[in-house]
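Chain and residue survey
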Amino acid sequence: DAKTTQPTSMDCAEGRAANLPCNHSTISGNEYVYWYRQIHSQGPQYIIHGLKNNETNEMASLIITEDRKSSTLILPHATLRDTAVYYCIVRSPSGSARQLTFGSGTQLTVLP
Amino acid sequence: IAGITQAPTSQILAAGRRMTLRCTQDMRHNAMYWYRQDLGLGLRLIHYSNTAGTTGKGEVPDGYSVSRANTDDFPLTLASAVPSQTSVYFCASSEGLAGSDTQYFGPGTRLTVL
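Figured I'd write up the structure that's included with this text. (Residues numbered from 1 in each chain as written. Chains lettered and ligands numbered in written order. Predicted model: local features only at pLDDT ≥ 70, side-chain atom pairs only at ≥ 80, totals over all residues. Heavy atoms only, no water.)

Take the state of the cysteines next. According to the stated counting rule, one finds two disulfides over all chains in the structure shown. For A:C22, the disulfide goes to A:C88, at an S-S distance of 2.1 Å. Here the S-S torsion is close to -80 degrees, and the disulfide linking A:C22 with A:C88 is therefore left-handed. Here A:C22, found in strand β2 (residues 18-23), pairs with A:C88, found in strand β8 (residues 84-91); they are 66 residues apart in sequence, far enough to count as distant. As far as the burial class goes, A:C22 and A:C88 line up, both buried. Through a disulfide, B:C23 is tied to B:C91; the S-S separation comes to 1.9 Å. (Disulfide = S-S within 2.5 Å. Helix = DSSP H or I, 4+ residues; strand = E, 2+ residues; numbered from the N terminus. Buried < 20%, exposed > 50% of the residue type's maximum accessible area, 1.4 Å probe, protein only.)

Below you can see the structure in the form of structure tokens.
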């Protein structure tokens, strides 16, 4: 799985969009970009994933650059409950179970 | 739909005691996983199961055992607990086989071994 680089921390004002970047310059053609988050003391929560097209669901939008070397997770209207560590993970599809490897992630703090 | 449930939420255990952490999912997922999370070390895979009746070892399997008698349940057993097994334990599941690789996590069990 390709390595990812994320900023250590970010702040965002409540009600504003939170844009979390991720670099994955060594991504290969069949690798997906996944985003998870972990709110303090809770289990990791799946947010969204994509291959090359931009994706949107009820939680967030995922923008992947045309060369696929970077992506941005967008929380359109951040709330205090969105304060968490956000993890960008690049992973090839697998027909069998294998470890999901979390890096150090970005600590997002939503400020009132 | 509950997703994944884990029990107990937390437990304090004397060293040497046997303990089983329970995990149940209602999504009919084929694959299930057990991770432990320690400060500064991230999540590490203990054991996994691709489908009912099969199990495999992850990155840190020593001191733990699992079974997968049916699709829904994936208990993790510590035969003789030691203080280094103090951790937060997360169960996860995914469709597996030819389905989605996305893993969904339970709320965790916080275990303290004294």
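Bringing unusual backbone geometry into the picture now. Each neighbour pair has its own omega, and for B:A7 with B:P8 the value is -5 degrees, a cis peptide bond. Its place among the elements puts B:P8 in the loop between β1 (4-7) and β2 (10-13). Positive phi outside glycine occurs at A:S41, with the angle close to 70 degrees. Within the secondary structure, A:S41 sits in the loop between β3 (32-38) and β4 (45-50). By relative accessible area, A:S41 is classed as partly exposed at 44%. The backbone of B:R28 shows a phi angle near 60 degrees, a positive value even though the residue is not glycine. Secondary-structure assignment places B:R28 in the loop between β3 (19-25) and β4 (31-38).

Here we take up the interface of chain A and chain B. Each partner contributes to the interface: chain A provides 20 residues, whereas chain B provides 21 residues. Of the roughly 1,600 Å² buried where chain A meets chain B, counting both sides, 47% is carbon and sulfur surface. Of all residues in chain A, A:P44, A:A97 and A:Q99 bury the most surface against chain B, accounting for 33% of the area lost on that side. Our count for the chain A to chain B interface comes out at one salt bridge. Where B:D101 meets A:R91, a salt bridge forms, and the shortest distance between an N and an O atom there is 2.8 Å. (Contact = heavy atoms within 4.5 Å. Buried area = accessible area lost by both parts, 1.4 Å probe. Salt bridge = Lys/Arg side-chain N within 4 Å of Asp/Glu carboxyl O.)

Taken by themselves, the reported measurements are silent on function.
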